[in-house]
Amino acid sequence: LAVGMALGSLLLMLVAASAVLSGRDPLLNVCMDAKHHKSQPGPEGRLFNQCSPWKDNACCTANTSSEAHKDQSNLYNFNWNHCGVMPPQCKRHFIQDTCLYECSPNLGPWIDQADSSWRRERILHVPLCKEDCEEWWEDCKDFVTCKENWHKGWNWATGTNRCPWGSLCRPFSEVFPRPKDLCEKIWSHSYRYSPERRGSGRCIQMWFDPAQGNPNVVVAKYYAWKKRTSPAGLENVAPESDQATRALPWAVLVLLPLALVLLPEAARGCGIQGWGSL
């Protein structure tokens, strides 16, 4: 009985330690080190319009969320209307894209080092849900642009982005023939076109209904688990279905040496000389 109690206590220690360790996961609930991001996520009561879903836990400020909705934003002096006026249905996706980038605390598994003067970190290969990419492309396919990669190569002589000399404004459907091209090329592979659908728990949604909760929390936990257990990022590896137990095997392995020390001590304290008497 005493040994059973000792084993039970030790198991509780392992579970508790697992919870602590998983709660400190550096890939979860974090803000990247970039131009306008807060150092840590937290509540923001007045995030503007399309950025409002993140108000309960955000990496952006209210001012950043307001600037994200402007045609000529002070965030990066970037002009959406470089080849004519961007239609509202198309602009909606770019605003959501900006809100996700600036406000989301669920992009930790994809934060990467940046080599630019205005930020030290960026996101790379975030798996964007199939519908998000396809709707973005569908609503923007008739708008025109002069560049495939909007991160670099602009003419900044006037202080805002203008098309490079000699470039032509062409429809999105020519510059980006498929939704995959738009999602992956426009921001230097910040996003990866995912075949997974919204609600699958395997892809990031660019926008969501806050009344239904933030679906990207579960997605970040899944990919954080994958990054810890499979550094190569194997796509076919599936974790346990219960999110709360995913970090447990790792923590148990870390604490196994402690168990090997404590269990014999507990057994001796109960007058038991070997495991054969159990």
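Residues numbered from 1 in each chain as written. Predicted model: local features only at pLDDT ≥ 70, side-chain atom pairs only at ≥ 80, totals over all residues. Heavy atoms only, no water.

- The name given to the protein chain in an unreviewed UniProt entry is FOLR1 protein, with the source organism recorded as Pitta sordida.

## Re the nonpolar core
- Phe94, Leu128, Trp136, Trp150, Trp187 and Tyr191 are the most contacted members of the largest nonpolar core, which totals 51 residues.
- Counting only elements with at least two residues in this core, the list comes to α3 (88-103), β3 (126-128), α4 (130-140), α5 (172-175), α6 (179-185), β6 (191-193) and α7 (216-229).
- The element that contributes the greatest number of residues to this core is α3, accounting for seven residues.
- Aside from chain neighbours lying at most four places away, what touches tryptophan 187 is Phe78, Trp80, Phe94, Asp97, Arg122, Trp136, Trp150 and His151. (Core = buried A, V, L, I, M, F, W, Y, C linked by side-chain atoms within 4.5 Å. Buried < 20%, exposed > 50% of the residue type's maximum accessible area, 1.4 Å probe, protein only. Helix = DSSP H or I, 4+ residues; strand = E, 2+ residues; numbered from the N terminus. Contact = heavy atoms within 4.5 Å.)

## Topic: the state of the cysteines
- Here the structure, examined in full by the defined rule, presents eight disulfides.
- Across a sulfur-sulfur distance of 1.9 Å, cysteine 51 and cysteine 99 are joined as a disulfide pair. Judged by the sign of its S-S torsion, about -80°, the bond between cysteine 51 and cysteine 99 is left-handed. Linking cysteine 51 in the loop between α1 (2-23) and α2 (62-67) with cysteine 99 in helix α3, this pair joins segments that are 48 residues apart in sequence. Here cysteine 51 and cysteine 99 have matching classes, each one buried.
- Between cysteine 129 and cysteine 203 runs a disulfide, and the two sulfur atoms are separated by 2.1 Å. The sign of the 90° torsion about the S-S bond sets the cysteine 129-cysteine 203 disulfide as right-handed. (Disulfide = S-S within 2.5 Å.)

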